[in-house]
Amino acid sequence: MLPDMPRIRSRLDILYLVTREFGTQLEIDQVLQRVLSATVAAVGAYDASLILFDTEGQSEHFVVISSFQVQPRSSGTIKAIGGQGLAGWVREHRQGALVKDTSSDPRWYMENDNHELLRVGSAISAPIQLPEQLIGVVTITAEQPDHFSEDDLATLS
């Protein structure tokens, strides 16, 4: 069986873009938005979020990309996602996670009045770490269950 060449090409393209973006002179918020948007597009996903932590491990910065635009989230939602949601699980265990169906996975935080989160069917999430410090968690979601594979998680990681 031949490998999925378009998907492999897409992964290589995203790695190239990430490397190039971090070498630019843009503001970090612009770089993060571009990298997250490109990652979403590369895996055919719905949206992405990134939580960055300060040196004490507190949430310092939060970015959500949906429809390739930065979307606001309340501080309560950010705290809940980073503490009891999938990002919180990744933060605690310091390993990536693949959620094939968010409706049946207890790690997925569901906020009843947030219709954006209700449309999520599957997710992947990975820690961003230095050797001695966790600096963030990135999560990518898709509307349909079973959208992501272990290969997608490996690419994100």
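Placed above this text is the structure.
Source: prediction; values computed, not measured.

## Some remarks on the overall build of the chain
Now for step 1: Counting its regular elements, the chain contains six helices and six strands.
Now for step 2: Along the chain, helices and strands appear, N-terminal first, in the series α-α-β-β-β-α-α-β-α-β-β-α.
Now for step 3: Scored against the burial criterion, the 157 residues of the chain give a buried share of 45%.
Now for step 4: In the chain, 51% of the contacts between residues at least 6 apart in sequence involve partners at least 24 apart.
Now for step 5: A total of about 9,000 Å² of accessible surface is found on the chain, and carbon and sulfur atoms cover 53% of it.

## Concerning unusual backbone geometry
Phi is mostly negative for residues that are not glycine, and the peptide bonds are mostly trans.
Now for step 1: For R94, which is not glycine, the phi torsion reads 55 degrees and is therefore positive.
Now for step 2: Along the polypeptide, R94 turns up in the loop between α4 (86-93) and β4 (97-99).
Now for step 3: For R94, a relative accessible area of 43% puts it in the partly exposed group.
Now for step 4: One non-glycine residue, D146, lies in the positive phi region at around 60 degrees.
Now for step 5: Along the chain, D146 falls in the loop between β6 (134-142) and α6 (150-156).

## Some thoughts on the side chain of T102
Now for step 1: Checked against the element boundaries, T102 lands in the loop between β4 and α5 (115-118).
Now for step 2: The contact partners of T102, leaving out residues within four places of it in the chain, are W108, V120, G121, S122 and A123.

## With respect to the packing of aromatic side chains
Now for step 1: Following the criterion strictly, the structure yields zero aromatic pairs and no others.
Now for step 2: Its guanidinium or amino end placed over the ring of F53, R91 lies 4.0 Å from that ring's centre, counting from NZ or CZ.
Now for step 3: Residue placement shows R107 over the ring face of W89; its charged tip is 4.8 Å from the ring centre.

## Notes on the pattern of salt bridges
Now for step 1: Taken as a whole and assessed by the stated rule, the structure comprises one salt bridge.
Now for step 2: A salt bridge links D105 to R107, with the nearest nitrogen and oxygen atoms 2.9 Å apart.
Now for step 3: A relative accessible area of 16% places D105 in the buried class.

## Considering α4
Now for step 1: What α4 keeps buried is the set L86, A87, G88 and V90.
Now for step 2: One or two steps after α4, the chain reaches R94, where phi turns positive at roughly 55 degrees.

## Considerations on the environment of Q129
Now for step 1: Checked against the element boundaries, Q129 lands in strand β5 (residues 122-129).
Now for step 2: With 38 residues separating them along the chain, Q129 and R91 place their C-alpha atoms 10.0 Å apart.
Now for step 3: What Q129 contacts, discounting residues up to four positions off in sequence, is R94, L134 and I135.

## Some words on the side chain of S122
Now for step 1: Mapped onto the secondary structure, S122 falls in strand β5.
Now for step 2: Only 2.7 Å separates the side chain of S122 from the backbone oxygen of Q144, close enough to count as a polar contact.
Now for step 3: Discounting residues that sit within four places of it in the chain, S122 has contacts with V99, K100, T102, I140, T141, A142, Q144, P145, D146, H147 and F148.

## Notes on the nonpolar core
Now for step 1: Formed by 17 residues in total, the largest nonpolar core has its most connected members in L36, A45, I124, V138, I140, F148 and L156.
Now for step 2: Among the elements of the structure, α2 (28-42), β1 (47-53), β5, β6 and α6 are those that each provide at least two residues to this core.
Now for step 3: Formed by 15 residues, the second largest nonpolar core is a distinct cluster that contains V64, L86, V99 and A123.

The rules we used
Residues numbered from 1 in each chain as written. Predicted model: local features only at pLDDT ≥ 70, side-chain atom pairs only at ≥ 80, totals over all residues. Heavy atoms only, no water. Helix = DSSP H or I, 4+ residues; strand = E, 2+ residues; numbered from the N terminus. Buried < 20%, exposed > 50% of the residue type's maximum accessible area, 1.4 Å probe, protein only. Contact = heavy atoms within 4.5 Å. Areas by Shrake-Rupley, 256 points an atom, 1.4 Å probe, with all protein chains shown as cover. Phe/Tyr/Trp six-rings, centres within 6.5 Å; stacked < 30°, edge-to-face > 60°. Lys NZ or Arg CZ within 6 Å of the ring centre and 35° of its normal. Salt bridge = Lys/Arg side-chain N within 4 Å of Asp/Glu carboxyl O. Polar contact = N/O pair within 3.5 Å; in protein donor to acceptor, adjacent residues only side chain to side chain. Core = buried A, V, L, I, M, F, W, Y, C linked by side-chain atoms within 4.5 Å.

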